[in-house]
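These are the residues of each chain, in order.
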Amino acid sequence: MKLITFIWFIAILETTALASLNGSVRFEGFKVYRIETGDYAADLSSTFEDLAVVELSRNHGHGSLATIDIAVPPEYVAAFDTLDLNVTILSKDLGADIATEGPLGSYPELDDHGLPSLSWFDSYHAYGDHVRYWADLQAAFVNNSELIQVGSSFEGRAIQGIHLWGISGKNSKPAVIFNGNVHAREWITSIVVEYLLYQLVTGYKNDTTVQAALDNYDFYVLPVVNPDGFVYSQTTNRLWRKNRQTRDNTTAVGTDINRNWSVGFGGGGSSSNPGSETFSGYRPGDAPETAALMEFAQTLATDKGIKLYIDWHSYAQVILLSYGYTCDSFPPNIDRQISLASETAARIAQPYNTTFEYGPGCLVLYQSSGNGRDYMTDAAGAEFGWGIELRSTSYGFVLPANQILPSSIEIWEGMKYLWTNM
Ligand SMILES: [Zn+2]
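In this text, all values refer to a predicted model and were calculated from it rather than measured experimentally.

With 19 residues, helix H10 (residues 334-352) extends 28 Å between its outermost C-alpha atoms, agreeing within 8% with the 27 Å of an ideal straight helix rising 1.5 Å per residue. Within the span of H10, buried status applies to Ile334, Gln337, Leu340, Ala341, Thr344, Ala345 and Ile348. On an axial view of H10, the arc spanned by its buried residues comes to 140 degrees, and they lie on one face. Exposed residues pointing more than 90 degrees away from the buried face of H10 are listed as Asp335 and Gln350.

This is the structure in structure tokens:
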């Protein structure tokens, strides 16, 4: 590994703004590489800080198996190829991938019960249509649900979702909380969470597994907790990750909402640099989205308690348990968590043989401090504070729309097992 050369190469990229056309960031000709970083992973991780290279994943794996995925602009592909790095080419043209992801879909027909048809899951959708979708689902399940708003984003959008309950009425059972699209570019997460919602709403009448789930737990489902970033990823930069928060004394935009929680704040796998993709903010909860989610979690924690939290991400195909901020300690119930995650992964694999790893996030993926699942575990008393990274390790964030239903179906299998057995 020619580390010095690599740092030089990245330094060049830093000076290069992404090509911009009509206000929209273009990725035509960007080549996507998986780099085998091996034992240099930690060095490269710090090298990536503050850099304009499009960083798609960080330090996935450990030791000689560690890899990082990056996208290289066309003007630097030749220079990159002369470096002595062990790489796999994941895509020859990221712009072409984005084109084949398909246009945002139109709003589907409603059936006799006012439910949008399953064609919703044949394409990705504009943010405004997502908001309408939640309202339509809720209206079709009016006696067992309500729309909720837990706060507002930096740009003033409502952070909203649906609260669902079963036979005992609302606010009577421990909470299950789902957060989708914390990271803006992870589009598959919100629509898979909506598939889970759809199954809950339509299954309560006759599916005993769904009945048991809603009778045993109050579900709080927030499909898009980073609405500003999500909108920006649809209008301007498909690969945007953070929120859209501006700060004094910097032109850099965006705080990583999943590094801004108070537990482990500021530790390894987060950055104090506003230009970093993992910028933690300056203080815990100084991103309005995180502040709202922490306050919401505290309310539920002191009410009926939190049974399960899942923060939905893509694309590592892994079930992440606490902790992310440290590799050296574990929640007291870690053995139980690992056994549940193991069988959940086995159920996810049943429909299509999709492999999901599982384990404490710091060990199985990488260190990440100030994340939501650690907060839920340590500060909100959640029995299971989890993150799940959806498919796909081969496609990355830009997943063709025909993968939405398979991804949803496999996760539904895992969730039915988890809710029944947790
Ligand atoms: Zn993510």
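Next, the rest of the story.
Bringing the coordination of the zinc ion into the picture now. Of the protein atoms, only His183 (ND1), Glu186 (OE), Glu186 (OE) and His313 (ND1) coordinate the zinc ion, at distances of 2.1 to 2.4 Å. Given 4 donor atoms and angles of 57 to 147 degrees at the metal, the environment of the zinc ion is assigned as irregular.

Overall, the coordinates contain 17 salt bridges when judged by the stated rule. For the salt bridge of Arg247 with Asp286, the shortest nitrogen-to-oxygen distance reads 2.9 Å. Of the two residues, Arg247 sits in the loop between helix H8 (227-235) and helix H9 (288-303) while Asp286 sits in the loop between H8 and H9, which places them 39 residues apart along the sequence. Per residue, the accessibility class of Arg247 equals that of Asp286, and both read buried.

Across the interface, H9 lies against helix H12 (residues 372-379) with an axial gap of 11 Å and an inter-helix angle of 30 degrees. Between H9 and H12, the interaxial angle falls into the category roughly parallel. H9 and H12 meet at a crossing whose hand is right-handed. Residues Met294, Ala297 and Gln298 of H9 form the contact with H12, whose own contacting residues are Tyr375, Met376 and Ala379.

In a packed pair of helices, the relevant descriptors are the angle between the two axes and the axis-to-axis distance. The geometry of helix H5 (residues 127-139) relative to helix H6 (residues 187-203) is characterised by a closest axis approach of 11 Å and an angle of 15 degrees between their N-to-C directions. By the angle between their axes, H5 is roughly parallel relative to H6. Viewed along their axes, H5 and H6 form a crossing whose handedness is left-handed. Across the interface between the two elements, His130, Tyr133, Trp134 and Leu137 of H5 pack against Ser190, Glu194, Leu197, Tyr198 and Val201 of H6. Looking at side-chain class alone, the contact of H5 with H6 contains 6 nonpolar, 2 polar and 1 charged residues.

As paired strands, strand E3 (residues 31-36) and strand E5 (residues 67-72) are joined by 6 bridges and run antiparallel to one another. By the bridge assignment for E5, Arg34 is matched with Asp69. Pairing geometry for E3 and strand E6 (residues 87-91), over 4 bridges, is antiparallel. Bridging across to E6, Arg34 finds its partner in Thr88.

About the thresholds
Residues numbered from 1 in each chain as written. Predicted model: local features only at pLDDT ≥ 70, side-chain atom pairs only at ≥ 80, totals over all residues. Heavy atoms only, no water. Helix = DSSP H or I, 4+ residues; strand = E, 2+ residues; numbered from the N terminus. Expected span 1.5 Å × (residues − 1). Buried < 20%, exposed > 50% of the residue type's maximum accessible area, 1.4 Å probe, protein only. Arc of directions from axis to C-beta. Donors = N, O, S within 2.8 Å, 3.2 Å for Na, K, Ca; no water. Tetrahedral: all angles 85-135°; square planar, octahedral: opposite > 155°, others 65-115°. Salt bridge = Lys/Arg side-chain N within 4 Å of Asp/Glu carboxyl O. Axes fitted to C-alpha atoms, helices over the stretch in contact; angles between N-to-C directions. Parallel < 35°, antiparallel > 145°, perpendicular 65-115°, else oblique. Left-handed = near helix turned anticlockwise from the far one by under 90°. Contact = heavy atoms within 4.5 Å. Nonpolar A, V, L, I, M, F, W, Y, C, P; charged D, E, K, R; others polar. Pairing = 2+ DSSP bridges.

Any link to function would need more than the numbers given here.
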